[in-house]
Amino acid sequence: MKIATRQGYDTAIVSAEMTFTVDMLRRKTARIGQQLKQKKWIPGSPVLIYVTSAGDLLAAMWALIYHRSTFVPVNPGSDVAMITTLAQYCGAGAIITEQRYGEFPPTVDTILTDDDIPEETVEAITTDDYDINCIFREGDKMVSFHHDDITAFYQELDMLMTPAERQRIMLAGNIPFTEQTLELLWASVKGITVVMDQLKDQASAAQYIYLKPPFSMDFSLFHFGSYVDNSQQDKYGLLLDAATFADTHGFKAIWTPERHFNEFGGLYPNPSVLSAALATHTRNVQIRCGSLVSPLHHPVRIAEDWALIDNLSNGRVGISFASGWQCDDFIFFPGKYADRHHHMLEQIATVRQLWAGESVPAINGLGNEIQVKIFPRPIQQELPIWITVSGKIETFVDAGRIGANILTHLLWQNTDELIDKIAAYRTALKDSGFDPYSRKVTVMVHTYLGEDDEQVKQQVREPLKNYIRSSTQLIQTMAKSNAAAGNSKEVAGRYGGLNDQIADELLEELTELAFERFFEQAGLLGSAKKAERLLHKLKSYDVDEVACLIDFGLSREDILEGLHRLNNLRTLYAEQPSIPPSISALHCSASLLRMAGEQPWLLACLSAVQHILTDSDELDGTPASLLKKVKVVRADTAGKGNRRVYANNVIDIQSDPDSAFIGALSDEF
């Protein structure tokens, strides 16, 4: 059997963990083969394969095929005692495994898939014709499959699809290990990409099977992390890692704020410096300041700095202007605090003039008025501008009047309040001569997605409460203004002004109150299904983008892991989704097919697949529209010592199969 000729950059395996290219497969196969040569193992003797990764499994099989040896794949759920028994029974002299599985009996040589071999010792894999022989443990029996048997089974799989249809096959659900392994190898032989996924939810499926979204919603990442004085050197590692993820996974933008003299948001005193760093670290994602407190800066310097960053990023910057809310920040320009909102609007006009290449008047060191322009000229002809709105409807109207986008949040305004505010904003845009839907409304929401609502709630409770505690003023203001919640009004009534000292017990009560509101009403926190409910609600309020605040206290590892689930959700609502290559065939469990009758998204996914394989004909409850393209791949014992594996249409399941895959069936051991 011959390896299909493919380009090194072609994809061999796709999974939630990684993408395994043909070149990666060839190199790993060669490394395993190199180790085999260095061991006491006798060429041609059986070798166990005990790995977790589908890529490692495929590479190990090809290495053994290349060295004319029988391979014995072991289900990853097996224990060491079982592996020892299998090695003795098969006469295996070696095991291909991973370092994390530890020591094996000294009688068995260990070859590691994750062992580093110097590049110069790696040999290339040729595409000669090879025989395939393997042994599987099924239940309490060992089953041997020889080359002719496997060839017969692969010929039957070949008949399921025309060559033009052999693009991608998905192995999903709890399908038998034997069939999964042999189909993985068959796909590699034929040059077909294999997708490994459990199809647990719609977000997961959307990575591989195109489903038209019910509406579009942009996703961006937002940073506002509190400063922790722990002498950590890599304080901005998470920001850079998240920026890389956003840049390579289709997120719209990455936002960084401006904060001064407080632990709350204390990592971000200078967004222009951070944005310059992000500009050279990314290639695609927009780099936005959310928010720039413009009354703390000279407008010419704002335009000059961000024109430079626009050049560094090749035209990817945007600024959300804010008037500021913390009086202590205004040590730079104390006189601007009282009328800061008016100053912000004037500065926006000045920045726009400078960005367009116009001159503006300024006073020089001698007290003379001069005209200044900025250099370098920005890449973008027009600077994308947002106005940050904490809740005042007047600010929504001002943003519409000057044709700015909106950046708002759910910190201390009720989600239902957004309806009237956004409507007033769209009206102001129209009344000022702008297309009301040419501008965007972005809402910042605290975000972390997991598999289960309650598990996520416990995971984020303390980090998010600590984050809330770091801004006493935030929770005081939120509690006082959240008029929709009776308990909030009652708690807020127990202390005086915003600057009063709060007793510890009351602070804890307010923090818990804020946390419950964030989790239940105002955050993408929990499962993807729960998050979708908020997305639908926000879309009904005319929101265009969610800016996902991710750095509220979880570990770096948890945040980065959660980004993969967030990206799955993002793909469901992408405005112009990158439609994945079609899945030619899907092998899944019969239980997954039966679930399609109750899950509309799953039925839509399965309906988009051309061919469906399953392991059982117990398909009661499966939608009739699917049954016509379902084939059962089933292993039966047909007489003493024989093993038969075949694929038949469901409608023909009662008839005798014409073709068979026969292997020798051992006694129990």
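Since the structure is predicted, the reported quantities are computational estimates derived from the model, not experimental observations.

1. Description of unusual backbone geometry
(1) Moving on: With an omega of 15 degrees, the peptide bond between Gly 290 and Ser 291 qualifies as cis.
(2) Moving on: Positionally, Ser 291 belongs in strand E13 (residues 286-293).
(3) Moving on: Residue Phe 375 is joined to Pro 376 through a cis peptide bond whose omega torsion reads 0 degrees.
(4) Moving on: Phi is positive for Arg 68, close to 55 degrees, though the residue is something other than glycine.
(5) Moving on: Relative to the helices and strands, Arg 68 resides in the loop between helix H2 (54-66) and strand E4 (71-73).
(6) Moving on: In this structure, Asn 314 is a non-glycine residue whose phi angle is positive, near 60 degrees.
(7) Moving on: Of note, Asn 314 is situated in the loop between helix H9 (299-312) and strand E14 (317-322).

2. Quick word on the packing of aromatic side chains
(1) Moving on: Per the stated rule, a full pass over the model turns up 9 aromatic pairs.
(2) Moving on: Between Phe 215 and Tyr 573 the ring centres are 4.9 Å apart and the planes differ by 35 degrees, which places this aromatic pair in the tilted class. Placement of the pair is Phe 215 in the loop between helix H6 (202-205) and strand E11 (218-222) and Tyr 573 in the loop between helix H18 (556-572) and strand E22 (585-587), with a sequence separation of 358 residues. This pair shows no difference in class: Phe 215 is buried, exactly as Tyr 573 is.
(3) Moving on: With 6.1 Å between their ring centres and 25 degrees between their planes, Phe 222 and Trp 255 make a pair best called stacked. Placement of Phe 222 in strand E11 and of Trp 255 in strand E12 (residues 253-256) is noted, with a sequence separation of 33 residues between them. As far as the burial class goes, Phe 222 and Trp 255 line up, both buried.
(4) Moving on: Joined through ring pairs, the aromatic side chains of Phe 136, Phe 145 and Phe 177 make up one cluster.
(5) Moving on: Over the face of the ring belonging to Phe 333 we find Lys 336, whose NZ or CZ atom lies 4.4 Å from the ring centre.

3. Thoughts on a nonpolar patch on the surface
(1) Moving on: Taken together, the side chains of Phe 261, Ile 331, Phe 332 and Phe 333 make up a nonpolar region of the molecular surface, amounting to roughly 420 Å² of accessible area.
(2) Moving on: The exposure class of Phe 261 is exposed, given its relative accessible area of 54%.

4. Regarding the confidence of the model for the protein
(1) Moving on: Scored by pLDDT, the protein has a mean of 81; 80% of the residues are at 70 or more.
(2) Moving on: Overall, residues 477-499 carries pLDDT values under 50, and its contacts beyond four positions in sequence, including any with other chains, amount to 35 contacts.
(3) Moving on: Of the regions scoring below 50 in pLDDT, residues 637-645 engages in 29 contacts with residues more than four places distant in sequence or in other chains.

5. Describing the pattern of salt bridges
(1) Moving on: Tallied over the entire structure, the rule returns 18 salt bridges.
(2) Moving on: With a shortest N-O distance of 3.4 Å, Arg 401 and Asp 398 are connected by a salt bridge. Here Asp 398 and Arg 401 lie together in helix H11 (residues 393-401), a separation of 3 residues that amounts to about one turn.
(3) Moving on: You can call Arg 401 partly exposed: its relative accessible area is 44%.
(4) Moving on: Between Glu 512 and Lys 465 there is a salt bridge, with its nearest N and O atoms 2.8 Å apart. Here Lys 465 lies in helix H13 (residues 453-469) and Glu 512 lies in helix H16 (residues 504-521), a separation of 47 residues in the sequence.
(5) Moving on: Overall, Lys 465 belongs to the buried group, its relative accessible area being 5%.
(6) Moving on: One salt-bridge network, in which partners are shared between bridges, spans Lys 457, Arg 461, Lys 465, Glu 508, Glu 512, Glu 516 and Glu 520.

6. Side note on the packing of helix H7 (residues 237-248) against helix H8 (residues 271-281)
(1) Moving on: Where H7 meets H8, the axes come as close as 10 Å, and the angle between the chain directions of the two elements is 45 degrees. By the criterion of interaxial angle, the relationship of H7 to H8 is oblique. Along this stretch, H7 crosses H8, giving a crossing that reads as right-handed. Between H7 and H8, the residues in contact are Leu 239, Leu 240, Ala 243 and Thr 244 and Leu 274, Leu 278 and His 281, respectively.

7. Looking at helix H3 (residues 80-90)
(1) Moving on: Considered for burial, the residues of H3 that qualify are Ile 83, Leu 86, Ala 87 and Cys 90. Relative to the axis of H3, the buried residues are bounded by an arc of 100 degrees and lie together on one face. When the buried face of H3 is taken as reference, the exposed residues oriented beyond 90 degrees from it are Ala 81 and Gln 88.
(2) Moving on: The secondary structure elements touched by the buried residues of H3 are strand E3 (47-50), E4, strand E5 (94-97), strand E7 (134-138) and strand E8 (141-145).
(3) Moving on: Capping the start of H3, Asp 79 holds a side-chain oxygen 2.8 Å from the backbone nitrogen of Met 82, two or three residues further along.

8. Here we look at the side chain of Ser 78
(1) Moving on: Mapped onto the elements, Ser 78 comes out in the loop between E4 and H3.
(2) Moving on: Residues in contact with Ser 78, not counting those within four places in the same chain, are Tyr 50 and Ile 83.

9. Brief notes about the side chain of His 67
(1) Moving on: When you line up the elements, His 67 lands in the loop between H2 and E4.
(2) Moving on: The buried category is assigned to His 67, whose relative accessible area is 17%.
(3) Moving on: Separated by 2.8 Å, the side chain of His 67 and the backbone oxygen of Ala 63 make a polar contact.

10. So, the pairing of strand E18 (residues 405-409)
(1) Moving on: Taking burial as the measure, the 5 residues of E18 include 5 buried ones, the bulk of the element.
(2) Moving on: Alternating positions in E18 separate into two faces, Asn 405, Leu 407 and His 409 on one and Ile 406 and Thr 408 on the other, with burial throughout.
(3) Moving on: Strand direction decides the pairing type here: strand E17 (residues 385-388) and E18, joined by 3 bridges, are parallel. When the sheet's bridge partners are listed, Thr 388 is paired in E18 with Leu 407.
(4) Moving on: Where the polypeptide runs from E17 across H11 and back to E18, its parallel neighbour, the crossover connection is right-handed.

Calculation criteria
- Residues numbered from 1 in each chain as written.
- Predicted model: local features only at pLDDT ≥ 70, side-chain atom pairs only at ≥ 80, totals over all residues.
- Heavy atoms only, no water.
- Helix = DSSP H or I, 4+ residues; strand = E, 2+ residues; numbered from the N terminus.
- Phe/Tyr/Trp six-rings, centres within 6.5 Å; stacked < 30°, edge-to-face > 60°.
- Buried < 20%, exposed > 50% of the residue type's maximum accessible area, 1.4 Å probe, protein only.
- Lys NZ or Arg CZ within 6 Å of the ring centre and 35° of its normal.
- Patch = residues over 30% accessible without salt bridge, like charges linked within 9 Å, V, L, I, M, F, W, Y side chains within 5 Å.
- Areas by Shrake-Rupley, 256 points an atom, 1.4 Å probe, with all protein chains shown as cover.
- Salt bridge = Lys/Arg side-chain N within 4 Å of Asp/Glu carboxyl O.
- pLDDT = per-residue confidence, 0-100.
- Contact = heavy atoms within 4.5 Å.
- Axes fitted to C-alpha atoms, helices over the stretch in contact; angles between N-to-C directions.
- Parallel < 35°, antiparallel > 145°, perpendicular 65-115°, else oblique.
- Left-handed = near helix turned anticlockwise from the far one by under 90°.
- Arc of directions from axis to C-beta.
- Polar contact = N/O pair within 3.5 Å; in protein donor to acceptor, adjacent residues only side chain to side chain.
- Pairing = 2+ DSSP bridges.
- Right-handed = clockwise from strand over helix to strand, strands pointing away.

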